[in-house]
Structures are given as C-alpha cells and as structure tokens.
Amino acid sequence: MSSSAIIFENVSVKLGGNLILENVSAMVPKGSCTAIVGPNGAGKTTLLLALLGEIPYQGRIILNSKEGIFPRIGYVPQRLQFDRGMPLTVLEFLSIGIQRYPICLGVSSFNRQRAQSYLKAVKADRLIDYQLGVLSGGELQRVLLALALMQEPEILILDEPAAGVDFHGEIIFCEILESLRRERRFTQLMVSHDLSTVTHHAGHVICLNRKVAAEGPPQEVLNHENLTAVFGLHMGLIAKGSISDKELECSSCKEGKKCQD
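All of these numbers come straight from a predicted model, not from anything done at the bench.

By the burial criterion, the buried members of helix α8 (residues 224-231) are Asn226, Leu227, Thr228, Val230 and Phe231. In the stretch just after α8, glycine 232 is the one whose phi turns positive, near 100°.

What follows is the structure in structure tokens.
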C-alpha cells in the first residue's frame, strides 16, 4: 500500500438507475503517470469524479499521502465552460481563488508574480495579460494546468488533457507534464483516448470498460487481447502482443485518424 498513491477497492457507481462502474479494483503507483483508457461510456470520467468526491459511490477509494493526511489534489478538466465574452484576463482567473480582496480592485504584485511563475512552469507566461476568451484550446489547457499546479498537488488528475489540442501541441503538453512530474514528484492520473500517447508517456495503464479488464505497464497490458476486450473487435490492431514500438489503427480509420473517445 505504501507504494500506491491511490487504491480503488470494488468501486461501483449507479447514476439514474444505470450501473456506470461495477466493482472497479485498481491501483495507481506513487509518482507514476497512470492512464485510464477505454471507449466512450466506459466510466473513465465517472471514476475520476468519484475520486474527487463529486459523485456518490460504493466501495473504497484509499488515498495515501507523505504526511499521512488527505493529499493535496490538482484537477485539470477536459474543458472549461465559461462565457468567452467575459472580460477576464488569465492573471485575474488565476488570482480569483488566492486573493483576499475582490479582483475588480486589481491584482497584487505578489499574486502577479506567483501567477507568472506557474505560467512560466507550463511555458505560458506570455499569456498572463491575455483575455481568457481569446485563448486557443492548447493555451487554455496550459492555463488550467497552471491553476492546478498552484495547489502544489501530490496527485494531479487530468481528464483528457489534450482534448481540442492539435498533434504538435499535444506532444508539447505531454513533455511539459513529464518534466513537471519529475521535478515536483507528484502522481499523475489521466484519462486518455490516444493509445499512442499513453504508450509513450504512461508508466501504468488501467484498461476500463465499466469493469477493469487489465492494468499494469503499457507494454504488457496494451495488447490485442485486452484492447479487444475493452474496445471491441472494431479495433484493427497491427500489434501482436505489444504496441510499445508500433502504431495502432482503427479498421474504420483508413487514413490513420485517431479514434475519438
């Protein structure tokens, strides 16, 4: 247990009379990058929401901390719902939760320096005075990552962090995350539909489709048998046993387009 940051024990979730998760048992190694993969409706985001205490569940979720108390958690959602016409700068957005007096009265120099340092950590410090509504998908994800890092998290949770980001931006985002995780030594848990990204960046994978089909190192669990069990026979794999150095194709994607989760 000491080497695990998170342990799921027989976690089940029923919403609106529908069983979304059924007896999910899995673990997230401490300090790892763990990815949850599975098709649409598999319960991936539901598992994150149960972990965050946002929805009721049965079973147990155990969180281990260095200090033996509830660990600090940072969360990067798949997308931020907000009015893009709202006159709110990146600096003001990052300062809302940390400044004692109203943002409309201005942001203190201390909070500006703090926001600047976290934006710099995600290679987005140039955005500090930009309006939040003009940011691209990739820029907004970096701002959300900076906001999560301001919690100094022991566990960083990301729901489809590269959603709405182009391929080049996705690579850069993953590289930033890897560097930050090594530097700050947090545990990273993310949902992803991109098996190529998972193969190259995750050290631990949970294959989920309402139940856990397999978990472990990607080179061991992302094989034809497990992926067929999770995604179904439509996955036309060109891998045999391991995809550590091969690409995955969907049989319906004749031009090598990514399957969407």
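Another point: the sheet that holds strand β7 (residues 187-191). The strands that make up a sheet are held in pairs by hydrogen bonds between backbone atoms, and each pair lies either parallel or antiparallel. With respect to topology, six strands assemble into an open sheet ordered β5-β6-β7-β3-β8-β9, the strand pairing being mixed. In this open sheet, the two edge strands, each paired with only one partner strand, are β5 (73-76) and β9 (211-216). Here the average twist between neighbouring strands, direction ignored, is 15°. As paired strands, strand β3 (residues 33-37) and β7 are joined by four bridges and run parallel to one another. When the bridges of β7 are listed, alanine 35 appears paired with methionine 190.

What follows is about the pattern of salt bridges. For the coordinates displayed, the defined rule picks out seven salt bridges. Residues arginine 210 and glutamate 22 are paired through a salt bridge, measuring 3.1 Å at the closest nitrogen-oxygen approach. Here glutamate 22 lies in strand β2 (residues 18-29) and arginine 210 lies in the loop between β8 (204-209) and β9, a separation of 188 residues in the sequence. Classification of glutamate 22 by relative accessible area gives partly exposed; the value is 21%. Within this structure, Glu22, Arg210 and Lys211 form a network of salt bridges that share partners.

Our next topic: the sheet that holds strand β1 (residues 4-15). Strand order in the open sheet formed by three strands is β2-β1-β4, with antiparallel pairing between adjacent strands. The two strands at the open ends of the sheet, each matched to only one other strand, are β2 and β4 (58-63). Neighbour to neighbour, the strand axes of the sheet diverge by 10° on average, direction disregarded. In the sheet, β1 pairs with β2 via eight bridges, with the strands oriented antiparallel. Along β2, the bridge assignment pairs isoleucine 6 with valine 28. Packing against the sheet, helix α1 (residues 44-51) makes contact with β1, β2 and β4, and its axis sits at approximately 110° to β1.

Before going further, it helps to spend a moment on the confidence of the model for the chain. Looking at the chain, pLDDT values average 84 and 84% of them are 70 or higher. Under a pLDDT of 50 for its full length, residues 236-261 has, in the predicted model, 41 contacts with residues more than four places off or in other chains.

To continue, consider the state of the cysteines. Scanning the model with the defined rule gives zero disulfides in all. Of the cysteine sulfurs around cysteine 33, a residue in no disulfide, the closest is that of cysteine 174, at 7.8 Å.

Take the nonpolar core next. In terms of nonpolar packing, the biggest core is built from 45 residues, with Val143 and Leu145 touching the most fellow members. For this core, the element with the highest residue contribution is helix α4 (residues 137-149), accounting for seven residues.

Here α4 contains 13 residues, and its C-alpha end-to-end distance of 18 Å stays within 8% of the 18 Å for a straight helix at 1.5 Å per residue. Counted residue by residue, α4 has eleven buried out of 13 residues, so it is predominantly covered. Restricting attention to buried positions, one finds in α4 the residues Gly138, Glu139, Leu140, Gln141, Arg142, Val143, Leu144, Leu145, Ala146, Ala148 and Leu149.

All right, on to the environment of glutamate 225 then. Structurally, glutamate 225 can be placed in helix α8. Put simply, glutamate 225 and alanine 213 are twelve residues apart on the chain and 9.8 Å apart in space, counted from C-alpha to C-alpha.

Thresholds, definitions, all that
Residues numbered from 1 in each chain as written. Predicted model: local features only at pLDDT ≥ 70, side-chain atom pairs only at ≥ 80, totals over all residues. Heavy atoms only, no water. Buried < 20%, exposed > 50% of the residue type's maximum accessible area, 1.4 Å probe, protein only. Helix = DSSP H or I, 4+ residues; strand = E, 2+ residues; numbered from the N terminus. Pairing = 2+ DSSP bridges. Axes fitted to C-alpha atoms, helices over the stretch in contact; angles between N-to-C directions. Salt bridge = Lys/Arg side-chain N within 4 Å of Asp/Glu carboxyl O. Contact = heavy atoms within 4.5 Å. pLDDT = per-residue confidence, 0-100. Disulfide = S-S within 2.5 Å. Core = buried A, V, L, I, M, F, W, Y, C linked by side-chain atoms within 4.5 Å. Expected span 1.5 Å × (residues − 1).

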